[in-house]
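# Overview (structure and organization)
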Amino acid sequence: MRTLIPIGVAKEYTNTKIDIPTSATIVEITAIADCRAWKYKKNAVKEGTGIIIFAGVTRHFDFDFKEDRNSLIEIQGTASVSFINASKHG
């Protein structure tokens, strides 16, 4: 049995940093063009090469509120991004 979780409204981002909402437990990133994505603390330096997401591919990532508080996602390229709080959906 599969459970569908409504993702909500997605927004398109190009070469930018996005604050992770405090209520978010999952992020969905769909690459519109090949892109890279990083997650890191706001006061930290971005490290590594990030994760590459090829055009048309959708990736889901989960967050731990305590660990990921005050974090952001950086997108290099163009992607559609949406956040949800899965705990509200059982």
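Please refer to the structure higher up on the page.
Numbers given to residues run from 1 along each chain, matching the order in which its sequence is written. Only residues with pLDDT of 70 or above have their local features reported here, since the model is predicted, and side-chain atom pairs are shown and tallied only from 80 upward, although totals for entire chains, interfaces and linings are computed over all residues. No hydrogens and no water enter the side-chain calculation; it runs on all heavy atoms of the structure.

### Topic: the environment of Lys39
Stated formally: Helix and strand definitions follow DSSP, with helices as H or I runs of at least four residues and strands as E runs of at least two, each counted in order from the N terminus. Whether two residues are in contact is decided by their heavy atoms, any of which lying within 4.5 Å being enough.
Tracing the chain through its elements places Lys39 in strand β3 (residues 35-41). Each C-alpha atom, one on Lys39 and one on Ile20, is 9.2 Å from the other, the two residues being 19 residues apart in sequence. Ignoring any residue separated from it by four or fewer positions in sequence, one finds Lys39 in contact with Ile20, Phe63, Asp68, Ser71 and Leu72.

### Quick notes on the side chain of Thr78
Rules: Relative accessibility decides the category of a residue: with a 1.4 Å probe and only protein chains considered, values under 20% of the type maximum give buried, values over 50% give exposed, and everything between is partly exposed. Within 3.5 Å is the distance limit for a polar contact, defined as a pair of N or O atoms, with the added protein rule that one can donate a hydrogen and the other accept it, and that residues adjacent in sequence qualify only through two side-chain atoms.
Counting through the fold element by element, Thr78 comes out in strand β6 (residues 71-84). We classify Thr78 as buried; its relative accessible area is 14%. A distance of 3.0 Å separates a polar atom in the side chain of Thr78 from a polar atom in the side chain of Thr14.

### Describing the pairing of β6
Quick reminder of the rule: Here, strands pair whenever DSSP counts at least two bridges between them.
Counting buried positions over the 14 residues of β6 gives 12, a clear majority of the element. As paired elements, strand β1 (residues 11-19) and β6 share 8 bridges and run antiparallel to each other. Paired with Ile18 across the two strands is Ile73, which belongs to β6. Bridge count for strand β2 (residues 26-31) against β6 is 6 bridges, and the pairing is antiparallel. Following the sheet pairing, Glu28 is matched in β6 by Ser82. Strand direction decides the pairing type here: β3 and β6, joined by 6 bridges, are antiparallel. Its bridge partner lying in β6, Ala37 is registered against Ile75.

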